[in-house]
Amino acid sequence: EQISERAGRKILSVRTENHLLAAKLYGVRGTHLEESHMYDFKREGFPGFPLGQKIEFYGRKLPDSRMVVTDLPGTGMSIRTLHSRLALEGSEYSSIACQLGEDDLVSLIEISWADGDEFSFEGLPLAGRSPQELVAQLRERGIAAEVDSVTVELPELNISFFFFEDVPRTIAWQTSEAF
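Scoring rules and cut-offs
Residue numbering note: each chain is counted from 1, following its sequence as written. Local features in a predicted model are, by the rule used here, given only for residues with pLDDT of at least 70; side-chain atom pairs are given and counted only at 80 or more, and totals for whole chains, interfaces and linings are based on all residues. Only hydrogens and water are set aside; all other atoms, that is, all heavy atoms of the structure, feed into the side-chain values. Labels follow the DSSP assignment, with helices taken as runs of H or I lasting at least four residues and strands as runs of E lasting at least two, numbered in each case from the N terminus. Under the scheme applied here, a residue whose accessible area is under 20% of the maximum for its type counts as buried, over 50% as exposed, and between as partly exposed, the area being computed with a 1.4 Å probe on protein chains only. Using the Shrake-Rupley algorithm and a 1.4 Å probe, accessible areas are obtained, with residue cover drawn only from the displayed protein chains. Here, the arc refers to the directions that run from the helix axis to the C-beta atoms. Residue contacts follow a heavy-atom distance rule, with two residues in contact if any of their heavy atoms lie within 4.5 Å. A pair of strands counts as paired when DSSP detects no fewer than two bridges linking them. For helices, the fitted axis covers only the stretch in contact; all axes are lines through C-alpha atoms, and the angles between them, taken along N-to-C directions, range from 0 to 180 degrees. The nonpolar core is taken to be a set of buried Ala, Val, Leu, Ile, Met, Phe, Trp, Tyr and Cys residues, with the residues joined through side-chain atoms within 4.5 Å.

Visitor: I'd love a proper account of the overall build of the chain, names of residues and values included.
Guide: When helices and strands are counted, the chain shows two helices and eleven strands. Moving toward the C terminus, one meets the helices and strands of the chain in the order β-α-β-β-β-β-β-β-α-β-β-β-β. Buried positions account for 46% of the 179 residues belonging to the chain. A total of about 9300 Å² of accessible surface is found on the chain, and carbon and sulfur atoms cover 48% of it.

Visitor: How would you summarise helix H2 (residues 131-140) if you had to cite specific residues and measurements?
Guide: For H2, the complete set of buried residues consists of Pro131, Leu134, Val135 and Leu138. For H2, the arc enclosing every buried residue in end-on projection is 100 degrees, short of the 170-degree limit, so these residues lie on one face. The inward-facing, buried residues of H2 abut strand E6 (118-121), strand E7 (124-125), strand E8 (146-148), strand E9 (151-154) and strand E10 (159-164). Positive phi appears at Gly142, one or two residues downstream of H2, with a value of about 80 degrees.

Visitor: Any details on the sheet that holds strand E4 (residues 91-100)? Residues and values, ideally.
Guide: Across the sheet, which stays open at both edges, the eight strands sit in the order E2-E3-E4-E5-E11-E10-E9-E8 with antiparallel pairing between neighbours. Two strands lie at the open edges of the sheet, namely strand E2 (66-72) and E8, each paired on one side alone. Sheet twist, expressed as the mean angle between neighbouring strand axes with direction ignored, is 20 degrees.

Visitor: Could you give an account of the nonpolar core, naming the residues involved and the relevant values?
Guide: Counting 35 residues, the largest nonpolar core has Phe41, Phe121 and Phe161 as the members making the most contacts within it. With residues near it in sequence (within four places) discarded, Phe161 still touches Phe121, Leu126, Leu134, Val150, Thr151, Val152, Leu154, Thr170 and Ile171. With eight residues, the next largest nonpolar core counts Leu72, Leu108, Phe162 and Ala172 among its residues.

Visitor: Break down unusual backbone geometry for me, citing the residues and quoting the values.
Guide: A positive phi angle, near 60 degrees, is found at Asn158, a position not held by glycine. Looking at the secondary structure, you find Asn158 in the loop between E9 and E10. Given the relative accessible area of 16%, Asn158 is considered buried. You will see that Glu165, though not glycine, has its phi angle at about 55 degrees, which is positive. Relative to the helices and strands, Glu165 resides in the loop between E10 and strand E11 (167-174).

Have a look at this one:
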């Protein structure tokens, strides 16, 4: 297990009552390999990468994965974050899985993408939507959604979308303890 630290990494504070103390990394961009593709994310999570597994499960399934361990000051705990690339429809994307401590299970899976690729969520295109527009569209479909500066949270589904420069860039599936 490799332990490394990166300067300039932005780690947001998370309320201590949450079981998931996830390191949210913004500005992570995918590597575009071919012309744009469409991929439709589902509320159930990403196929083949269910929540609740040990982080080694993801490491065995992802190529060239690397582990970053971030100590949480004053808690005696750490977050183990597995970074890798995930192939979807001909392109590769940044993927992250987070686990609090060595004995806990993965409670966050994140996938990030760049310009040029088209993604949707339950058939709703994500490209070109501001956080407020995405919330309005989700609510029209009967999905509870909340906006908070750079995120759109779907609390009933434990899903978050992260925006960079007012453009959706990341989707995260989380365990219920994250909310």
